[in-house]
Amino acid sequence: MQYYLLRRLAQSLLLLFGALVLVFWMVRLTGDPAALLIARDFASPEQLQEMRAALGLNDPLPVQFIRYAGDVLRGDLGYSLRFRQPVRDVIFAALPITLSLSTLAMAIALTVAIPLGVIGGVSPGSWRDSLARLVGLLGQATPTFWLALILIWVFAVNLRWLPSFGADGPHSFVLPALALSIGAVGQLVRLTRSAVLEIRNEDYIRTARSKGLSPFMIGVHHIARNASITLVSVVGIQFTYLMAGSIYIESIFAIPGIGWMLNEAIRNRDFVLVQSLTLFIATFAVLIHLATDVIYSMLDPRIRHR
């Protein structure tokens, strides 16, 4: 177990370093950062040169990268010109909002998908199985942004039950979370159904039936528990997808989370904030995957020996 954890930790550190290098170079491939910041004001060449000197852009790229990596390791992510405060403060202010939205969306997806997937898997070919497959197909085929607009039109504009923008309270997250969860619902329904179909033909399930256990007991204590092992790895990946999907959902609903901040940074050409937010999202995804692998190895000891 310790060797597996050390190996996964080393792989995660390599991924984080790769993300650091990729973010640094991709931002600079988009053009001169100084020109991106002040071109809108038709700056003179002298002003551009002063901006490059202030940002340290006149140094060779390897020197810039070493300085940038050192700042990141010290927790100094720079200063946001759009929000006029340190980037670290911007991220810490927006992170709880995005985590709340993503967690609620994941809770909705799990609440809907797992029961449907289990019911469809234990009774293949029935109308319940057809319903589960239909929900899974619709979940994966429905565009999230389209569903968000439909929810706003129905529940905010016509019925006026829920707000269409802002983050003033728990009710403000209902529509965004519903729109954000649709893709995860489709994926989890299909995965749960497939896992249950595979497990229900195992020898220990036939043994449980021969002992006279009821279908409910078999489903809860044998099929659902073993299917949950497969779901653990996918839930972690889906959560990172929800974090990424929050970029346009937060923009549609004007929720000041990480996604909205990134959209504002791109619109205002705040390359320092874009660079830091992209790196933060990549780091968060790597850590989520690492935690998922650790939990999966604890539930299934066979993974530790691969």
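What counts, and at which threshold
Residues numbered from 1 in each chain as written. Predicted model: local features only at pLDDT ≥ 70, side-chain atom pairs only at ≥ 80, totals over all residues. Heavy atoms only, no water. Helix = DSSP H or I, 4+ residues; strand = E, 2+ residues; numbered from the N terminus. Buried < 20%, exposed > 50% of the residue type's maximum accessible area, 1.4 Å probe, protein only. Contact = heavy atoms within 4.5 Å. Patch = residues over 30% accessible without salt bridge, like charges linked within 9 Å, V, L, I, M, F, W, Y side chains within 5 Å. Areas by Shrake-Rupley, 256 points an atom, 1.4 Å probe, with all protein chains shown as cover. Salt bridge = Lys/Arg side-chain N within 4 Å of Asp/Glu carboxyl O. Phe/Tyr/Trp six-rings, centres within 6.5 Å; stacked < 30°, edge-to-face > 60°. Expected span 1.5 Å × (residues − 1). Core = buried A, V, L, I, M, F, W, Y, C linked by side-chain atoms within 4.5 Å.

Student: Help me understand the overall build of the protein chain in this model?
Tutor: From N to C terminus, the protein chain includes 12 helices and 2 strands. In sequence order, the secondary structure elements of the protein chain are arranged as α-α-α-α-β-β-α-α-α-α-α-α-α-α. Scored against the burial criterion, the 306 residues of the protein chain give a buried share of 40%. Taking the contacts inside the protein chain whose residues are at least 6 apart along the sequence as the reference set, 73% of them involve residues at least 24 apart.

Student: What exactly am I supposed to notice about a nonpolar patch on the surface here?
Tutor: On the surface, Phe145, Trp146, Leu149, Ile150 and Tyr248 cluster together into a nonpolar patch covering about 520 Å² of accessible area. With 4 residues, the single largest contributor to the nonpolar patch is helix α7 (residues 144-158). Position of Tyr248 among the secondary structure elements: in helix α10 (residues 215-252). Relative accessible area serves as the criterion here: at 41%, Tyr248 is assigned to the partly exposed category.

Student: Explain the packing of aromatic side chains here, please?
Tutor: The relative placement of two aromatic rings is captured by the distance of their centres and the angle of their planes. Scanning the entire structure with this criterion turns up 7 aromatic pairs. With centroids separated by 6.0 Å and ring planes inclined at 45°, the aromatic side chains of Phe155 and Trp161 adopt a geometry described as tilted. Classification of Phe155 by relative accessible area gives partly exposed; the value is 26%. Trp161 sits in the exposed class, given a relative accessible area of 60%. Among the aromatic residues, those joined into a cluster by ring pairs are Phe17, Phe24, Trp25, Phe65 and Tyr68.

Student: Is there a simple way to explain helix α4 (residues 61-73) in this structure?
Tutor: Structurally, the α-helix is built with 3.6 residues per turn, so residues lying three or four positions apart point the same way. If you check α4, its first and last C-alpha atoms are 18 Å apart, about what 13 residues at 1.5 Å a residue would give, namely 18 Å. Within the sequence span of α4, burial applies to Gln64, Phe65, Tyr68, Ala69, Gly70 and Asp71. Gly75 occupies a position one or two residues after α4 and carries a positive phi of about 85°.

Student: What exactly am I supposed to notice about the pattern of salt bridges here?
Tutor: Counted according to the given criterion, the structure contains 3 salt bridges. Arg74 is the partner of Asp71 in a salt bridge, and the nearest nitrogen-oxygen pair spans 2.2 Å. We classify Asp71 as buried; its relative accessible area is 19%. In this structure, Asp129 and Arg193 form a salt bridge, with 2.4 Å as the shortest nitrogen-oxygen distance. Linking Asp129 in helix α6 (residues 127-141) with Arg193 in helix α8 (residues 174-199), this pair joins segments that are 64 residues apart in sequence. Each member of the pair, Asp129 as well as Arg193, carries the same accessibility label: buried. Taken together, the salt bridges that share partners define one network made up of Asp129, Arg133 and Arg193.

Student: Mind showing me how you'd approach the nonpolar core here?
Tutor: Nonpolar side chains in soluble globular proteins tend to end up buried together. Counting 34 residues, the largest nonpolar core has Leu188, Ile249 and Phe253 as its most contacted members. Going through the elements one at a time, α5 (87-122), α7, α8, α10 and α12 (271-299) are the ones with two or more residues in this core. At 10 residues, α8 tops the list of elements feeding residues into this core. Setting aside anything within four residues of it in sequence, one finds Leu188 in contact with Met106, Ala109, Leu110, Ala113, Leu231, Val234 and Gln238.

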